[in-house]
Amino acid sequence: MNQRSQQSPLPAELPVTDRTRHRRLRDQGSLARTDLEAILDAGFVCHLGVVVEGHPMVVPTVYGHDGTDLFLHGSVASRSLAADPDAAVCVTVTHVDGLILARSVFEHGVNYRSAMIHGVPRQVTDPEEKLRGLRLLTEHAAPGQWDYARRPSRKELAATTLLALSLAEASVKTAIGPPDDGEGPDAELGIWAGNLPLTTTWGAPEPDPRLPVGIEPPPHIAGRQATPFGGVGTGLGGAGNCATSHDAPAGT
């Protein structure tokens, strides 16, 4: 169970703002919230961009979501929030589906799915909401683990920093397909061109060396062996030589 909301109160179409407007490679962009959720569903590691004590930092961390908010660990970001509770952050999630190998280096690129979420996060302090957010985060990475492992104690909850970031403002881009130079002058070069797909699968569970003999991995863990991670992008646009480029802020 991922405790996903039955119906998100957010609109089905992502709003266009100065931070999310697609200025380049617009055919690779999407305003469908379902595409945003599909990208979030396909992974569990994001990169949190935040300014801490005047210096920019990009921190990889795990996340979970309910279609309305993104929940993530934020021990580093919390320092910034304490000093400036209105500080905006940017969270990115990217999946690489393969390389676009063209006839010219200029047309090389990446098939990818990516999302950028903008906003001002809030620190989750309510014990019930924190427990719910941590369950979302845990179940997003390892479905079934919340009910299998020991739950957090009050002391552990107090020592855990959890951030909630609204999914109201986000940008989505996807690229899939062959190189763009198949009908140009370079097509006569006699050079192989195409896609080199990238797939990732879960390996066999490796027991803790201190685990007593006879304790086997539960089905929700053992069953993931050899299954794909991240899914396969359906794509919304063609290949491009600016692989995962979201648009720069207005005025740049």
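Residues numbered from 1 in each chain as written. Predicted model: local features only at pLDDT ≥ 70, side-chain atom pairs only at ≥ 80, totals over all residues. Heavy atoms only, no water.

### With respect to helix α3 (residues 127–141)
Item 1. For α3, built from 15 residues, the straight-helix expectation of 21 Å at 1.5 Å per residue is met to within 8% by its first-to-last C-alpha distance of 21 Å.
Item 2. What α3 keeps buried is the set K130, G133, L134, R135, L136, L137, E139, H140 and A141.
Item 3. Contacts made by the buried residues of α3 are with α1 (33–41), β3 (55–65), β4 (69–73), α4 (145–148), α5 (154–158) and β8 (162–166).
Item 4. Regarding α3, its N-cap is D126, as a side-chain oxygen of that residue lies 3.2 Å from the backbone nitrogen of E128 further along. (Helix = DSSP H or I, 4+ residues; strand = E, 2+ residues; numbered from the N terminus. Expected span 1.5 Å × (residues − 1). Buried < 20%, exposed > 50% of the residue type's maximum accessible area, 1.4 Å probe, protein only. Contact = heavy atoms within 4.5 Å. Polar contact = N/O pair within 3.5 Å; in protein donor to acceptor, adjacent residues only side chain to side chain.)

### Some remarks on the pattern of salt bridges
Item 1. Applying the stated criterion across every chain yields a total of 9 salt bridges.
Item 2. We note a salt bridge from R113 to D97, for which the minimum N-O separation is 2.7 Å. Highlighted residues: R113 in strand β6 (residues 109–119) and D97 in strand β5 (residues 89–101), separated in sequence by 16 residues.
Item 3. Between R150 and E156 there is a salt bridge whose closest N-O contact spans 2.8 Å.
Item 4. Several salt bridges converge on common partners, so that one network encompasses R135, D147 and R151. (Salt bridge = Lys/Arg side-chain N within 4 Å of Asp/Glu carboxyl O.)

### Some points on the packing of aromatic side chains
Item 1. Scanning the model with the defined rule gives 3 aromatic pairs in all.
Item 2. Where W202 meets F229, the ring centres are 5.5 Å apart and the plane angle is 80 degrees; that geometry is what we call edge-to-face. In this pair, W202 sits in the loop between β11 (200–201) and α6 (219–222) while F229 sits in strand β12 (residues 228–229), placing the two residues 27 residues apart along the sequence.
Item 3. Above the ring of W202, the side-chain terminus of R224 is found at 4.5 Å from the ring centroid. (Phe/Tyr/Trp six-rings, centres within 6.5 Å; stacked < 30°, edge-to-face > 60°. Lys NZ or Arg CZ within 6 Å of the ring centre and 35° of its normal.)

These figures come from the coordinates and say nothing about function on their own.
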